[in-house]
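These are the residues of each chain, in order.
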Amino acid sequence: MKITITDTSWGIDRRTGNRSERVVAQETFALAVGLLPEIGPAKRVFEVTKLTENSVTILLNIKGDTTTIKRGGQYFYRPMSMDGGHYYLLEVE
């Protein structure tokens with residue numbers, strides 16, 4: 001199995017209130033238990049904690065939040081931010 005991670009940067013212009021988004025990185029990695037390489041300018045690191053034939057469990061942050069994604073599925077990870085930051089689309093092939 002492989003995972004594709006898309007890192008999208010977003011922000012809000014404080015003067016006009018307009019929101020902008022831009023894909024800043026998109027990488028595909030082979031899945032194995034352990035840390036995945038850094039992704040994007042924020043250098044976010046995800047960790048695969050469990051790998052089965054049809055799904056993968058990923059540690060999202062240091063608070064211990066995890067998600068399980070089935071083969072062919074996807075998950076949006078949006079860390080809390082009020083006026084800008086990054087969000088991630090994780091797709092398992």
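Only a predicted model underlies this, so the values are computations on that prediction, with no experimental measurement involved.

### Observations concerning the pattern of salt bridges
Summed over all chains, the structure comprises two salt bridges. Arg14 is the partner of Asp83 in a salt bridge, and the nearest nitrogen-oxygen pair spans 2.5 Å. Of this pair, Asp83 sits in the loop between strand S7 (74-77) and strand S8 (84-92) while Arg14 is found in the loop between strand S1 (2-12) and strand S2 (19-30), placing the two residues 69 residues apart along the sequence. For Asp83, a relative accessible area of 39% gives the class partly exposed. With its nearest N and O atoms 2.9 Å apart, the salt bridge here joins Glu21 to Arg19.

### Examining the sheet that holds S1
The four strands are arranged S2-S1-S8-S7 in an open sheet whose pairing can be described as antiparallel. The open sheet is flanked by S2 and S7, the only strands paired with a single partner. Between one strand and the next, the sheet's axes are offset by a mean angle of 15 degrees, whatever the strand orientation. Here nine bridges tie S1 to S8, and the two strands are oriented antiparallel to one another. For Thr4, the partnering residue across the bridge sits in S8 and is Glu91.

Thresholds, definitions, all that
- Residues numbered from 1 in each chain as written.
- Predicted model: local features only at pLDDT ≥ 70, side-chain atom pairs only at ≥ 80, totals over all residues.
- Heavy atoms only, no water.
- Salt bridge = Lys/Arg side-chain N within 4 Å of Asp/Glu carboxyl O.
- Helix = DSSP H or I, 4+ residues; strand = E, 2+ residues; numbered from the N terminus.
- Buried < 20%, exposed > 50% of the residue type's maximum accessible area, 1.4 Å probe, protein only.
- Pairing = 2+ DSSP bridges.
- Axes fitted to C-alpha atoms, helices over the stretch in contact; angles between N-to-C directions.

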